[in-house]
Amino acid sequence: MTEQHVVTLPRATAKRIPLYYRYLCMYRAEGVTRIKSHELSKSIHIPAATIRRDFSCFGELGKSGYGYDVSHLIDTFARMLRVDELHKIALLGVGNLGRALIQNNFRRNDNLRITCGFDNQCPEIDTIINGVPIYHMDQLAEKIREQGITTAISTVPSVHAQEAVAQLTEAGVRSILNFAPARLKVPEGVHVKYIDLTSEIQTLMYFADAENTQNNMEEAIATFAEPE
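Given the structure is predicted, the values throughout are model-derived calculations rather than measurements. (Residues numbered from 1 in each chain as written. Predicted model: local features only at pLDDT ≥ 70, side-chain atom pairs only at ≥ 80, totals over all residues. Heavy atoms only, no water.)

*Asks:* Describe the pattern of salt bridges, naming the residues involved and giving the relevant values.
*Replies:* On inspection of all chains with the given rule, the structure shows 4 salt bridges. Residue Arg16 is joined to Asp54 by a salt bridge in which the shortest nitrogen-to-oxygen separation is 2.6 Å. Within this pair, whereas Arg16 is found in helix H1 (residues 11–29), its partner Asp54 is found in helix H3 (residues 48–56), the two being separated by 38 residues in sequence. Residue Arg82 pairs with Glu85 through a salt bridge whose shortest N-O separation is 3.2 Å. On the accessibility criterion, Glu85 (36% relative accessible area) is partly exposed. (Salt bridge = Lys/Arg side-chain N within 4 Å of Asp/Glu carboxyl O. Helix = DSSP H or I, 4+ residues; strand = E, 2+ residues; numbered from the N terminus. Buried < 20%, exposed > 50% of the residue type's maximum accessible area, 1.4 Å probe, protein only.)

Shown next as structure tokens:
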């Protein structure tokens, strides 16, 4: 068996690789065979210099004046993202958000799949939603170990999030996507990604308002500067 070389990436670069991969797959589906960093930059709104620096972490992927071979980039990033392997995911909290995640269930990503859901009191316990069995939290450790799951999504409210995450880590989960804004205490080696929808929307609104204000100022200055 050939030993696969593992590339150690800066955290910021690693977070951008899935985005590059998704857009490159879209380009290939449209018949694009090669692309330059400034062309990709226009699509994903990341500076071309940052793209080139990220790609350089994998060696010489492109050529000056030619750009990058789209299929080669896809193959390189696919190996890093392990898209040929099925990654089973546990879901904690089968409320409105949890049910929506199960119904979608990464339908555009064949290698990601929610395979079990857990809750304490939802009416769906001991039923199946979109092919996903829903269990009581009492069965969490048993089912996660049984399926060899190391990644989970938690939609549990902040007041119960710490307790829920503790159960996950005790069962062997090492990667958690958490929709509760409260910061959690986890053992060393466990990675948590926080998604705070309220903060994300407020940030989006701020930038939209700031851009609108800047445009209005520019229009006012232009009008003032016009000769009579």
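There is more to say after this.
*Asks:* Just give me the short version of the side chain of Thr76, but keep the residues and values in it.
*Replies:* Counting through the fold element by element, Thr76 comes out in helix H4 (residues 70–81). In this structure Thr76 comes out as buried when scored by relative accessible area, which is 8%. Aside from chain neighbours lying at most four places away, what touches Thr76 is Phe58 and Leu61. (Contact = heavy atoms within 4.5 Å.)

*Asks:* Could you give an account of unusual backbone geometry, naming the residues involved and the relevant values?
*Replies:* Here Arg82, not a glycine, exhibits a phi torsion of approximately 55 degrees, which is positive. Residue position: Arg82 is located in the loop between H4 and strand E4 (87–92). Its relative accessible area of 40% is what places Arg82 among the partly exposed residues. With phi around 45 degrees, Asn105 is a residue other than glycine that occupies positive phi space. Of note, Asn105 is situated in the loop between helix H5 (96–104) and strand E5 (112–119).

*Asks:* With reference to specific residues and values, describe helix H7 (residues 158–170).
*Replies:* An ideal rise of 1.5 Å per residue puts 18 Å on 13 residues; H7 measures up with 19 Å between its terminal C-alpha atoms. Within the sequence span of H7, burial applies to Ala161, Ala164, Val165, Leu168 and Thr169. The buried residues of H7 occupy one face: seen down the axis, they fall within an arc of 135 degrees. Among the exposed residues of H7, those pointing more than 90 degrees away from its buried face are Val159, Glu163 and Glu170. Packing partners of the buried residues in H7 comprise E4, helix H6 (140–147), strand E8 (151–154) and strand E9 (175–178). One or two residues past the end of H7 sits Gly172, with phi positive at roughly 110 degrees. (Expected span 1.5 Å × (residues − 1). Arc of directions from axis to C-beta.)

*Asks:* An account of the sheet that holds E9 is needed here, citing residue identities and associated values.
*Replies:* Across the sheet, 7 strands lie side by side as E6-E7-E5-E4-E8-E9-E10; this open sheet has mixed pairing. Edge positions in the sheet fall to strand E6 (128–129) and strand E10 (191–194), since each has one partner strand and no second. Here E6 pairs with strand E7 (residues 132–136) via 2 bridges, running antiparallel. Note on E7: the bridge partner recorded for Ile128 is Pro133. Sitting on the sheet, H6 is in contact with E4, E5 and E7, with an inclination near 165 degrees to E5. (Pairing = 2+ DSSP bridges. Axes fitted to C-alpha atoms, helices over the stretch in contact; angles between N-to-C directions.)

It is worth stressing that arrangement in space is one thing and function is another; only the former is reported here.
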